[in-house]
Amino acid sequence: MNKFILQEDIQKYFNANLHSDLHSLLLKKSPFPEVSIQEIVQQIKGKQVAQKKFPFLLLDGIVFPPQLNLEQSSSDKTAVYKSKILGGKKFIDLTSGFGIDAYYLSENFEEITLVEQNNELLEIVEHNWNVLGKKARFINQKLEDFLQHNKETFDVIYLDPARRDQNKNKVFLLEDLSPNILEIQDKLLSISDKVIIKLSPLIDLKYLISVLKNISKIEIIAVKNDVKEIVVFLSKRYSGEMICTCVNLETDEKTFSFKINDEMNAFAEYSEPEKFIYIPNNTILKAGIFNLISEYFNLKKLHPNTHLYTSEIKIDDFPGRIFEMEVIDSKHIKKNEQFNLISKNYPLKPEEIKKKYKLKDGGERYLIFTQSKKGKIILKSV
């Protein structure tokens, strides 16, 4: 870490150029002989990311790592949520990265350990934690080497495995991550009864359940309906049925939890559209609980492959969007009308529908193009 970037005049330069075009800035010469233009751009980029992702780091003296480390870091929103369900004496993050998760998750622990193989990144995290007044033990070591020599036990182990291969391509299977979770899961459970693993939102849940041992809970976490991460909890002591929780942060929607086998035992009724139409949020869709949602909320499904639901009476606590709609004939769609277009289990995509009917985007009204058991239908918001 170049400590010259902490000088007051250089920190002021970062703040003064927060809205500068970084590509143009890279072509200029650094105004400071001790700091390269690449280092300057890295810090400005870090501040730009922090404004949206972790604003608590918008302090003078905070140092930011390269862009890849910023991309791989959790937002403070998901980290704060996870921190509320954890506590104990000893916490360890075995893949600390930029340390955002560890900063929040360790809030309710007495002893904190961060393990990170990238020495420069760990140096940045240690510096930032000192600025923030937070204490921890920082260990610059490969996770595998740490586990091989470690004699301690911990209340909670946290991991966020790297999801890129040596060629920087994204990978998703547990055996392709770094570290290989399948190889170390037994070792992890031998030194802690609670192991928490953050994974890509794209990972397949059935695959996950088939390869990991001792899963007690899976959390599907979204922010404003954008699924950000899948979090898996492992525990040897847990003896109940595996729980899955769907969380949509920064919305008014309630958390929805279910037992992992509930979907297999649930049945959906089918119906033509009634007064209200329900679109599940993306955590529900990721969980694949299409029959369970129907049964739990006493809603009818439009079609086996159409994940839309309907009822005559409004169900307010449904985890998703609710519309009052009516079925219309395509002849009643007028040229240049303005709608938000939704296509579900329908041959045409929204852009193709827009072009075919010569519609405009936006406004407050909705058109849903979908299928019921009787065939293709068009729904218009009332």
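It should be noted that the structure appears before, not after, this text.
Residues numbered from 1 in each chain as written. Predicted model: local features only at pLDDT ≥ 70, side-chain atom pairs only at ≥ 80, totals over all residues. Heavy atoms only, no water.

*Asks:* Residue-level account of the overall build of the protein, with values.
*Replies:* Along the backbone of the protein there are 13 helices and 17 strands. For the protein, the spread of C-alpha atoms along the three principal axes comes to 70 × 55 × 35 Å. Taken over 382 residues, the protein has a buried fraction of 49%. Long-range contacts, defined as pairs at least 24 residues apart, comprise 63% of the intrachain contacts of the protein with a sequence gap of at least 6. A total of about 19400 Å² of accessible surface is found on the protein, and carbon and sulfur atoms cover 47% of it. Charged side chains in the protein number 55 positive and 53 negative. The centres of these two groups are separated by 5 Å. (Helix = DSSP H or I, 4+ residues; strand = E, 2+ residues; numbered from the N terminus. Buried < 20%, exposed > 50% of the residue type's maximum accessible area, 1.4 Å probe, protein only. Contact = heavy atoms within 4.5 Å. Areas by Shrake-Rupley, 256 points an atom, 1.4 Å probe, with all protein chains shown as cover. Lys, Arg positive; Asp, Glu negative; His and termini not counted. Charge placed at Lys NZ, Arg CZ, Asp CG, Glu CD.)

*Asks:* Would you mind going over the nonpolar core in detail, with residue names and values included?
*Replies:* The biggest cluster of nonpolar side chains holds 50 residues, and the ones touching the most others in it are Leu94, Ile157, Leu159, Leu174, Leu199, Leu208 and Ile230. Ranked by residue count, the leading element in this core is helix 9 (residues 181-191), at five residues. Residues within four places of Leu199 in sequence aside, it is in contact with Arg163, Leu174, Leu177, Leu208, Glu229, Ile230 and Val232. Among the nonpolar cores identified, the runner-up in size contains 49 residues, and Ile10, Ile44, Phe54 and Ile221 belong to it. (Core = buried A, V, L, I, M, F, W, Y, C linked by side-chain atoms within 4.5 Å.)

*Asks:* Describe the packing of aromatic side chains, with residues and values.
*Replies:* Counted under the stated rule, the structure contains 19 aromatic pairs. Plain terms: the ring middles of Phe56 and Tyr104 are 5.2 Å apart, the flat faces sit at 75 degrees to each other, and that makes the pair edge-to-face. Linking Phe56 in the loop between helix 3 (37-53) and helix 4 (67-72) with Tyr104 in helix 6 (residues 100-105), this pair joins segments that are 48 residues apart in sequence. The class for Tyr104 is buried, based on a relative accessible area of 15%. With a centroid separation of 5.6 Å and 70 degrees between ring planes, the pair formed by Phe297 and Phe318 is classed as edge-to-face. Placement of the pair is Phe297 in the loop between helix 12 (290-296) and strand 12 (300-303) and Phe318 in the loop between strand 13 (306-311) and strand 14 (320-328), with a sequence separation of 21 residues. The exposure class of Phe318 is buried, given its relative accessible area of 3%. By the ring-pair criterion, three or more aromatic residues cluster together here, those being Phe256, Phe258, Tyr278, Tyr296, Phe297, Tyr309 and Phe318. The cationic tip of Lys134 hangs over the ring face of Tyr103; the distance from NZ or CZ to the ring centre is 5.2 Å. (Phe/Tyr/Trp six-rings, centres within 6.5 Å; stacked < 30°, edge-to-face > 60°. Lys NZ or Arg CZ within 6 Å of the ring centre and 35° of its normal.)

*Asks:* Can you tell me about the pattern of salt bridges, naming the residues and giving the values?
*Replies:* If you walk through the whole model with that rule in mind, you get 18 salt bridges. Here Lys217 makes a salt bridge to Glu219, at a shortest N to O gap of 3.1 Å. Accessibility expressed as a relative area gives 22% for Lys217, which makes it partly exposed. The exposure class of Glu219 is buried, given its relative accessible area of 3%. (Salt bridge = Lys/Arg side-chain N within 4 Å of Asp/Glu carboxyl O.)

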